[in-house]
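Structural features, examined
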Amino acid sequence: MIRAKIHVTLKSGILDPQGRTIRQSLRTLGFAGVADVRVGKFLEIELNQDDPVEAEAQLKAMCETLLANTVIEEYQYELELHPSRHSS
Amino acid sequence: MKWGVIVFPGSNCDRDCAHVLANVLDQDVTLIWHGDTSLGELDAVVLPGGFSYGDYLRSGAIAQLSPIMHAVQEFARTGGLVMGICNGFQILLEAGLLPGAMLPNVGLSFICDDVCVKVENADTPFTRHYESGQVIRFPIAHAEGNYHTDPVTLAAVRANAQIVFRYCRADGTVTEQANPNGSLDNIAGLRNPAGNVLGLMPHPERCAEALLDNEDGQLLFRSMIDAVMTGQGKKQTAS
């Protein structure tokens, strides 16, 4: 089994009103050194397969077609290989 | 003429649209479930406002993958008139039928208000009953109407006169203060290059009868009726 961890974030240069608001709140709390905050999404996907090459191809297609809107967002993912559960 | 209003799980303006079309404008309207795969014989399709699929992931992102959307894509490709209102606009963007994407409103608020909108292009099947430059009053109700696209696409959109409506002041001047949501170039409504697909954030169906003290939206539906009846619709162009 392969577990994918996917981060979807707004492209740099695109205003992130949520991040801006959180940054202001953190500064209000006294965290004066907060330069910037960007808010994104985190997804975990478990794939029923052990081939990292095939898994990556599928993940890329998933990100491009649904998980991210590439007009405004970019994505990153990492794969973790887990031993398959064999039924006996 | 025959209209179809698509009903997604979470649509909530579908019946308002059907009401205006059937009871105010005496049109033949069918509500079409998102799980259907065929539109049947139609002259125009409306993607209504609401919160399809709870706005999960992104507004319109899941709805654009509904089975009926294949038929809507084909209908649009062959020249059929398609109008997406609010969430319907977001779905058209996610489906790639219109360029760009929606971001959360600047200020993060859900905005429910009446706004002034300027008709930038009256030479479309959706706006032929308006005057170019006319200021109309439309209600808006959305959290993600902050239109965005890249500079190259924006230049193309401008060059092709695809911007149909822009947020403006009551006197028609387009200013930053008149922009409720941060939308790029004050864009409130946009059409495709072919001119048969329109998306707009304001709700024309909520201002289309005297009872509501505002009939500005009725002209949009009347424009579409006129366009189909005079041969700009799918049936006539497809033959």
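As a starting point, this report considers the structure included with it. (Residues numbered from 1 in each chain as written. Chains lettered and ligands numbered in written order. Predicted model: local features only at pLDDT ≥ 70, side-chain atom pairs only at ≥ 80, totals over all residues. Heavy atoms only, no water.)

1. A short note on the interface of chain A and chain B
Contacts between chain A and chain B engage 15 residues on the former and 18 residues on the latter. Approximately 1200 Å² of surface area, both sides summed, lies buried where chain A meets chain B, with 72% of it carried by carbon and sulfur atoms. The interface formed by chain A and chain B holds one salt bridge in total. B:Arg58 serves as the salt-bridge partner of A:Glu73, at 3.7 Å between the closest nitrogen and oxygen. Joining chain A to chain B, the criterion identifies four residue pairs in polar contact (both at pLDDT 80 or more). When contributions to the side of chain A that touches chain B are tallied by element, the ones reaching two or more residues are α1 (17-28) and α2 (52-67) of chain A. Across the side of chain A that touches chain B, the residue classes tally to nine nonpolar, four polar and two charged. (Contact = heavy atoms within 4.5 Å. Buried area = accessible area lost by both parts, 1.4 Å probe. Salt bridge = Lys/Arg side-chain N within 4 Å of Asp/Glu carboxyl O. Polar contact = N/O pair within 3.5 Å; in protein donor to acceptor, adjacent residues only side chain to side chain. Helix = DSSP H or I, 4+ residues; strand = E, 2+ residues; numbered from the N terminus. Nonpolar A, V, L, I, M, F, W, Y, C, P; charged D, E, K, R; others polar.)

2. Considerations on the pattern of salt bridges
In total, this model carries 13 salt bridges over all chains according to the counting rule given. For B:Glu120, the salt bridge goes to B:Arg166, with nearest N and O atoms at 3.7 Å. In this pair, B:Glu120 is assigned in the loop between β6 (111-119) and β7 (135-142) and B:Arg166 in strand β9 (residues 163-168), connecting sequence segments 46 residues apart. With a relative accessible area of 27%, B:Glu120 lands in the partly exposed category. Here the salt bridges share partners, and the residues they tie into one network are A:Lys41, A:Glu73, B:Arg58 and B:Glu94. (Buried < 20%, exposed > 50% of the residue type's maximum accessible area, 1.4 Å probe, protein only.)

3. Here's the deal with the nonpolar core
Core analysis: the biggest nonpolar cluster contains 68 residues, and B:Leu39, B:Met83, B:Phe165 and B:Leu220 have the highest contact counts within it. A:Ile2, A:Leu43, A:Leu67 and A:Ala68 belong to the second-largest nonpolar core, a separate cluster that totals 13 residues. (Core = buried A, V, L, I, M, F, W, Y, C linked by side-chain atoms within 4.5 Å.)

4. Regarding the packing of aromatic side chains
Under the defined criterion, the tally for this structure stands at five aromatic pairs over all chains. Three or more aromatic residues link up through ring pairs in this structure, and these residues are B:Tyr130, B:Phe138 and B:Phe165. (Phe/Tyr/Trp six-rings, centres within 6.5 Å; stacked < 30°, edge-to-face > 60°.)

5. Observations concerning the pairing of strand β3 (residues 44-47) of chain B
Residue and element names in this part refer to chain B. Neither face of β3 is exposed, since Ala44 and Val46 on one face and Val45 and Leu47 on the opposite face are all buried. Looking at chain direction, strand β1 (residues 2-7) and β3 are connected through three bridges and run parallel. Residue Trp3 lies in a different strand from β3, and its bridge partner there is Ala44. After leaving β3, the chain enters helix α2 (residues 68-77) and then returns to the sheet as strand β4 (residues 81-85), a path that is right-handed. (Pairing = 2+ DSSP bridges. Right-handed = clockwise from strand over helix to strand, strands pointing away.)

6. Comments concerning the sheet that holds strand β2 (residues 40-47) of chain A
Residues and elements named next belong to chain A. Here three strands make up an open sheet; going across it, the order is β2-β1-β3 and the pairing antiparallel. For this open sheet the edge positions go to β2 and β3 (73-81), each flanked by a neighbour on one side alone. Ignoring which end each strand starts from, the neighbouring axes of this sheet average 20 degrees apart. In this structure, strand β1 (residues 2-10) lies alongside β2, joined through eight bridges in antiparallel fashion. Its bridge partner lying in β2, Arg3 is registered against Glu46. Of the strands in this sheet, β1, β2 and β3 touch α2, which is tilted by about 155 degrees from β3. (Axes fitted to C-alpha atoms, helices over the stretch in contact; angles between N-to-C directions.)

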